[in-house]
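Chain and residue survey
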2 protein chains.
Amino acid sequence: MEKFGMYAKFTAKPGRRDELAGILLEAAAAAQHVEECELYIVNISDTEPDVLWVTELWSSFEAHEASLSLEETKTAIQRAMPLIAGVEATKLKPIGGKGF
Amino acid sequence: MEKFGMYAKFTAKPGRRDELAGILLEAAAAAQHVEECELYIVNISDTEPDVLWVTELWSSFEAHEASLSLEETKTAIQRAMPLIAGVEATKLKPIGGKGF
């Protein structure tokens, strides 16, 4: 099965980045139990103070899609929505390397 | 020590992407022996046919900088240069998550 990767860029509303980071880190903690989720790393931008990037690696696109319909994902999204000004996703096909 | 992350976007010259991917995968294989390099994943873009993204995670910014002065890195860069139309780097401060 082909793996699936994503760089998800979250732009927080002014002053809400750290609160949003907290919710994303909780989502990452929940993902510890999801075998199909191989990476879910939360990053602060070096240059944009309101931005968070999440580096995601999944065993398949379907596994990522399935995670979106989990009850705890939906709850996290609902909590995060009021803090978010924008989201952009860069979708990737991982082909190899260290940590692949 | 603070970790360092980077999304490196390589735009290959037309028709040279797969050749460039080969060089990046060789660099990733060399990185297997570099303890400070935690991730070096080579990805194809879902939407841009000439683009490769490398997801990098390092134990520190200094470890990443040091890797650039290794003889094998310099050789790889020299081989890759003729295939590359452009490079952009998104620098990140990883703060936690799965695979952090």
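Residues numbered from 1 in each chain as written. Chains lettered and ligands numbered in written order. Predicted model: local features only at pLDDT ≥ 70, side-chain atom pairs only at ≥ 80, totals over all residues. Heavy atoms only, no water.

1. Focus: the relation of the copies chain B and chain A
Rules: We place the copies in one frame by least squares, fitting the C-alpha atoms of every residue whose pLDDT is at least 70 in both.
Once chain B has been moved 0.0 Å along the axis and rotated by 180°, it coincides with chain A to within an RMSD of 0.0 Å. Expressed as an axis order, the relation between the two copies is that of a two-fold axis.

2. As for the packing of aromatic side chains
As a reminder of what qualifies: Pairs were defined over the aromatic rings of Phe, Tyr and Trp, the Trp ring being its six-membered one, requiring ring centres within 6.5 Å. Orientation was assigned from the angle between planes: stacked under 30 degrees, edge-to-face over 60, tilted for the rest. The helix count covers DSSP runs of H or I at least four residues long, the strand count covers runs of E at least two residues long, and both are numbered beginning at the N terminus. Categorising residues by exposure relies on relative accessible area from a 1.4 Å probe, with only protein chains included: less than 20% of the type maximum marks a residue as buried, more than 50% marks it as exposed, and the intermediate range marks it as partly exposed. Over a ring means this: the NZ of a Lys or the CZ of an Arg is within 6 Å of the ring centre and within 35 degrees of the ring normal.
On inspection of all chains with the given rule, the structure shows five aromatic pairs over all chains. Ring centres of A:Trp53 and B:Tyr7 lie 5.4 Å apart, and the angle between their planes is 85°; this geometry places the pair in the edge-to-face category. Linking A:Trp53 in strand β3 (residues 51-58) with B:Tyr7 in strand β1 (residues 4-12), this pair reaches from one chain into another. The residues A:Trp53 and B:Tyr7 share a single accessibility class, namely buried. Each member of the aromatic cluster is reached from another via a ring pair, and the members are A:Tyr7, A:Trp53, B:Tyr7 and B:Trp53. The ring of A:Phe100 has A:Lys3 sitting right over it, with the charged end atom 4.5 Å from the ring centre.

3. Concerning the interface of chain B and chain A
Put simply, the test is: Here, two residues are considered to be in contact whenever any of their heavy atoms come within 4.5 Å of each other. Here the quantity called buried area is the accessible surface, traced with a 1.4 Å probe, that two parts lose on coming together, added over both. Only one rule defines a salt bridge in this text: a Lys or Arg side-chain nitrogen within 4 Å of an Asp or Glu carboxyl oxygen. N or O atoms within 3.5 Å of each other form a polar contact, as long as, within protein, one can give a hydrogen and the other can take it, and as long as residues adjacent in sequence are counted only when both atoms are side-chain atoms. Only Asp, Glu, Lys and Arg are considered charged in this grouping, and only Ala, Val, Leu, Ile, Met, Phe, Trp, Tyr, Cys and Pro are considered nonpolar; every other residue, Gly among them, is considered polar.
Taken together, the contacts link 32 residues of chain B with 32 residues of chain A. Regarding the contact of chain B and chain A, the summed buried area is about 2700 Å², with carbon and sulfur atoms giving 61% of it. Area buried by chain B at its contact with chain A is led by B:Tyr7, B:Ile95 and B:Lys98, which between them contribute 29% of it. The tally of links between chain B and chain A comes to zero salt bridges. Summed over the shared surface of chain B and chain A, the number is 20 residue pairs in polar contact (both at pLDDT 80 or more). When contributions to the side of chain B that touches chain A are tallied by element, the ones reaching two or more residues are α1 (17-31), β2 (37-45), β3 (51-58) and β4 (84-98) of chain B. When its residues are assigned to classes, the side of chain B that touches chain A shows 19 nonpolar, eight polar and five charged.

4. Brief notes about the sheet that holds β2(B)
Strand pairing in a sheet relies on backbone hydrogen bonds, with the paired strands running either antiparallel or parallel. To be explicit about the condition: In this analysis, strands are considered paired if DSSP registers two or more bridges between them. Lines fitted to C-alpha atoms define the axes, with helix axes restricted to the stretch in contact, and inter-axis angles between N-to-C directions lie between 0 and 180 degrees.
Pairing is antiparallel in the closed barrel, where eight strands are placed in the order β1(A)-β3(A)-β2(A)-β4(B)-β1(B)-β3(B)-β2(B)-β4(A). Mean inter-strand twist for the sheet, computed between neighbouring axes without regard to direction, equals 35°. Pairing between strand β2 (residues 37-45) of chain A and β4(B): six bridges, direction antiparallel. Bridge assignment links A:Asn43 to a residue of β4(B), and that residue is B:Pro94. The strands that helix α2 (residues 61-68) of chain B touches are β1 and β3 of chain B; relative to β3(B), the one it contacts most, it runs at about 125°.

5. A closer look at the UniProt feature "domain: ABM" (unreviewed entry) in chain A
Applicable threshold: UniProt positions are given in the numbering used here, feature names are shortened, and annotations may be inferred rather than shown by experiment.
Within the UniProt annotation, "domain: ABM" (unreviewed entry) is assigned to residues 4-92 of chain A. Regarding residues 4-92 of chain A, the helix share stands at 37% and the strand share at 39%, and the terminal C-alpha atoms are separated by 6 Å.

6. Comments concerning the pairing of strand β4 (residues 84-98) of chain A
Examined bridge by bridge, strand β1 (residues 4-12) of chain A and β4(A) share eight bridges and lie antiparallel to one another. By the bridge assignment, A:Gly5 is partnered in β4(A) with A:Leu92.

7. Comments concerning the pattern of salt bridges
With the rule as written, the count across this model stands at 10 salt bridges over all chains. A salt bridge links A:Arg17 to A:Asp18; its shortest N-O distance comes to 3.1 Å. The class of A:Arg17 is buried, set by a relative accessible area of 18%. In this structure, B:Glu48 and B:Lys9 form a salt bridge, with 3.3 Å as the shortest nitrogen-oxygen distance. Within this pair, whereas B:Glu48 is found in the loop between β2 and β3, its partner B:Lys9 is found in strand β1, the two being separated by 39 residues in sequence. Classification of B:Lys9 as buried rests on a relative accessible area of 13%.

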